[in-house]
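Listed below, chain by chain, are the residues.
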Amino acid sequence: MVDGTSAGWTGILYRILEHEADIGFEVYGKDEADLFANAATVLFSLITDLDRVETRLKREVAVADSEVLLVVFLNELLYVWDVERFIPKRLSVRVKNGRVHADLEGEILDPERHPVRKEIKAVTYHKFAVQEEEGALKARVYLDI
């Protein structure tokens, strides 16, 4: 296990969790919106070097699911990645009543500037958890690679 902060994303604390066939992470946030934005940042920092991504384009993502909203949200971001190869660098996230809305700023993958570190197939429900810990929220997320 490695502890750290995502390069260029001050204040995002996370821990990578090793697994037989997958990779996981634990991430923290002061509230749901912060947790969702931080989880998305960790997800894309596993895919590429976010320091090399510029904010040239905007996208919006909105999803609703009261049970596993974070998993659904991260999978929607992966869908945008799979279809458009869009890499978000900045996220503004709002979470309310089982719905999440995110405004994304980033750019389309440029293989010359954005080496792909890992191809992630999906965010899984395996060992997924969100809990409150010491006044903050903590999520455990596993990715199918």
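For the structure itself, look to the data block above.
Criteria and thresholds
Residues numbered from 1 in each chain as written. Predicted model: local features only at pLDDT ≥ 70, side-chain atom pairs only at ≥ 80, totals over all residues. Heavy atoms only, no water. Pairing = 2+ DSSP bridges. Helix = DSSP H or I, 4+ residues; strand = E, 2+ residues; numbered from the N terminus. Axes fitted to C-alpha atoms, helices over the stretch in contact; angles between N-to-C directions. Contact = heavy atoms within 4.5 Å. Parallel < 35°, antiparallel > 145°, perpendicular 65-115°, else oblique. Left-handed = near helix turned anticlockwise from the far one by under 90°.

Student: Can you walk me through the sheet that holds strand 4 (residues 57-64) in this structure?
Tutor: Two strands in a sheet stick together by hydrogen bonds in their backbones, pointing the same way (parallel) or opposite ways (antiparallel). Judged by pairing direction, the sheet is antiparallel, and its three strands sit side by side in the order 4-6-5 without closing on themselves. Where the open sheet ends on each side, the last strands, each with one partner, are strand 4 and strand 5 (86-96). Within the sheet, the average angular offset between the axes of one strand and its neighbour, ignoring direction, is 20°. For strand 4 and strand 6 (residues 99-108), the ladder comprises eight bridges, and the chain directions are antiparallel. Counted as the bridge partner of Leu-57 is Gly-106 from strand 6. Sitting on the sheet, helix 1 (residues 32-47) is in contact with strand 5 and strand 6, with an inclination near 160° to strand 5. On the sheet, helix 2 (residues 69-84) packs against strand 4, strand 5 and strand 6 and is oriented at approximately 140° with respect to strand 4.

Student: Help me out: how do you make sense of the pairing of strand 6 in this one?
Tutor: In summary, the side chains of a regular strand alternate between the two faces of the sheet. Examined bridge by bridge, strand 5 and strand 6 share ten bridges and lie antiparallel to one another. Along strand 6, the bridge assignment pairs Phe-86 with Ile-108. The antiparallel hairpin formed by strand 5 and strand 6 contains two residues in its connecting segment, where Asn-97 sits at a positive phi of about 50°.

Student: Help me understand the packing of helix 1 against helix 2 in this model?
Tutor: Packed helix pairs are specified by the crossing angle of their axes together with the interaxial distance, meaning the distance between the axes. Interaxial distance between helix 1 and helix 2 falls to 10 Å at its minimum, and their mutual angle equals 40°. Considering their axes alone, helix 1 and helix 2 lie oblique with respect to each other. In this structure, the crossing between helix 1 and helix 2 has a hand that is right-handed. Of the residues in helix 2, those in contact with Phe-36, Ala-39, Ala-40, Leu-43, Phe-44 and Ile-47 of helix 1 are Leu-69, Leu-70, Phe-73, Leu-74, Leu-77, Leu-78 and Trp-81.

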